[in-house]
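Each chain, written out:
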Amino acid sequence: MAKKLPTLVFWAIALFVTAVFCWILSDIVWHGVGQLDWEFLTTAPLNAGREGGIAPILISTCLILGVCMAVSLPLGVGTAILLAEFTTTESMFGRLVRRSLDVLAGVPSIVFGLFGNAFFAIKLGLGFSILSGGLTLACMVLPILIRSTEAGLQAVPSEYRLGAAALGLSRTTTLGKLLLPAATPGLVVGLVLGIGRAIAETAALIFTSGYVDRMPESLLDSGRSLSVHIFDLSMNVAGGDANAYASALVLLILLLLVNGMATWTAKFWLAGRITP
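Residues numbered from 1 in each chain as written. Predicted model: local features only at pLDDT ≥ 70, side-chain atom pairs only at ≥ 80, totals over all residues. Heavy atoms only, no water.

Chemist: Would you mind going over the overall build of the protein with me for this structure?
Modeler: Counting secondary structure elements, the protein contains twelve helices and two strands. Listed by position from the N terminus, the elements making up the protein come as α-α-β-β-α-α-α-α-α-α-α-α-α-α. For the protein, the spread of C-alpha atoms along the principal axes amounts to about 70 × 60 × 35 Å. Approximately 14,900 Å² of the protein is accessible, and the part contributed by carbon and sulfur atoms is 72%. Of the side chains in the protein, 16 bear a positive and 15 a negative charge, and the two mean positions are spaced by 15 Å. (Helix = DSSP H or I, 4+ residues; strand = E, 2+ residues; numbered from the N terminus. Areas by Shrake-Rupley, 256 points an atom, 1.4 Å probe, with all protein chains shown as cover. Lys, Arg positive; Asp, Glu negative; His and termini not counted. Charge placed at Lys NZ, Arg CZ, Asp CG, Glu CD.)

Chemist: Looking at this structure, how should I read the environment of Ser100?
Modeler: By secondary structure assignment, the location of Ser100 is in helix α4 (residues 92-105). For Ser100, a relative accessible area of 35% translates into the label partly exposed. In sequence terms Ser100 and Pro143 are 43 residues apart; their C-alpha atoms lie 8.6 Å from each other. (Buried < 20%, exposed > 50% of the residue type's maximum accessible area, 1.4 Å probe, protein only.)

Chemist: I would appreciate a short explanation of the nonpolar core in the present structure.
Modeler: Grouped together as the largest cluster of nonpolar side chains are 34 residues, with contacts concentrated most on Leu65, Cys68, Met69, Leu137 and Leu226. Within the residue set of this core, elements represented by two or more residues are α3 (55-85), α6 (130-154), α9 (184-199), α10 (203-206), α11 (226-235) and α12 (241-273). Here this core gets eight residues from one element, more than from any other, and that element is α12. Setting aside chain neighbours within four positions, we find Leu226 in contact with Ile54, Ile57, Leu58, Thr61, Ser247, Val250, Leu251 and Leu254. With 14 residues, the next largest nonpolar core counts Ala80, Leu83, Leu142 and Val156 among its residues. (Core = buried A, V, L, I, M, F, W, Y, C linked by side-chain atoms within 4.5 Å. Contact = heavy atoms within 4.5 Å.)

Chemist: Where do I start with the environment of Thr136 in this structure?
Modeler: Take Thr136: it is sitting in helix α6. Classification of Thr136 by relative accessible area gives buried; the value is 0%. Placed 68 residues apart in sequence, Thr136 and Ala204 show a C-alpha to C-alpha distance of 7.3 Å. One polar contact links the side chain of Thr136 to the main-chain carbonyl oxygen of Ser132, over a distance of 2.8 Å. (Polar contact = N/O pair within 3.5 Å; in protein donor to acceptor, adjacent residues only side chain to side chain.)

Chemist: It is not clear to me how the packing of α6 against α9 should be interpreted in this structure. Could you clarify?
Modeler: Working note: a packed helix pair is described by the angle between its axes plus the distance between those axes. In contact at an axis separation of 7 Å, α6 and α9 are set at 160° when each is read in the N-to-C sense. What the angle tells us is that α6 and α9 run roughly antiparallel. Two packed elements cross with a definite hand, and for α6 against α9 that hand is right-handed. Mapping the contact onto sequence places Leu137, Met140, Val141, Ile144, Leu145, Ser148, Thr149 and Gly152 in α6 and Gly186, Leu187, Val189, Gly190, Leu191, Leu193, Gly194, Arg197 and Ala198 in α9. Looking at side-chain class alone, the contact of α6 with α9 contains ten nonpolar, six polar and one charged residues. (Axes fitted to C-alpha atoms, helices over the stretch in contact; angles between N-to-C directions. Parallel < 35°, antiparallel > 145°, perpendicular 65-115°, else oblique. Left-handed = near helix turned anticlockwise from the far one by under 90°. Nonpolar A, V, L, I, M, F, W, Y, C, P; charged D, E, K, R; others polar.)

Chemist: For this particular structure, what's the right way to read the packing of aromatic side chains?
Modeler: Pairs of aromatic rings are described using the distance from one ring centre to the other and the angle between the two planes. The tally for this structure, following the rule as stated, stands at three aromatic pairs. Each ring, one from Phe115 and one from Phe119, has its centre 5.6 Å from the other, and the planes form 10°; the classification is stacked. Here the residue Phe115 and the residue Phe119 both occupy positions in helix α5 (residues 109-123), the gap between them amounting to four residues, near one helical turn. Classification of Phe115 as partly exposed rests on a relative accessible area of 39%. On the basis of relative accessibility, which here comes to 35%, the residue Phe119 falls in the partly exposed class. A ring pair is formed by Phe119 and Phe120, whose centres lie 5.1 Å apart and whose planes are at 70°; its orientation type is edge-to-face. The exposure class of Phe120 is buried, given its relative accessible area of 7%. (Phe/Tyr/Trp six-rings, centres within 6.5 Å; stacked < 30°, edge-to-face > 60°.)

Following this line, the structure appears as structure tokens:
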């Protein structure tokens, strides 16, 4: 019995976490599915969000997430390659960067929001805009993405590198054809975690992308994200709970779609690069 106790504890924890997730999901679906239809997805909010849909909010959310991923992916993967392949664990530079990333990963989102407002919105003159919000979210996502991708690269067996060197392959070819495809699971983990944090962020976007719920015409326009819209309907708008639940359901669906697309793209890329 004593040997089975740790297994039982782990199963109990897993079942508890699953039950909590299912309870939250069922509550959102129960209250939100009745409001969810094509008109809700394609019309603008009316009466402070109590009526109408979320079309401008949905577009703003996708644009903010697009800016975030466009900035964080190349920087994150490039930094992870630098740390894993060109920097030793004993070097002062590597230790300083890794420690800084670990600290940044635990910084509250409100601090990133204040930084984004001071630097992107005011110092760079971007104002309350989708671009400011996306760049702020990129700063939040980078620590998770870098550390996950670095861990994936470090997990690749050293035989890959030795074999590539014996065949006379360049470092660039080795990275592109062997190491990065083999480290894809770590990259996907960082990407999924980063997207999850970015798409559900509220505090940082209030100070950077703003509250405006009209259709954005460019990245320099202010835009309200789904998470900010849900917060506003729940806390500041009397009678807005129904649309808040429907917006939360759309946010969950969008998160599942983006995560599924990221996983599928990674598997497709991996299958195309590494063949038996």
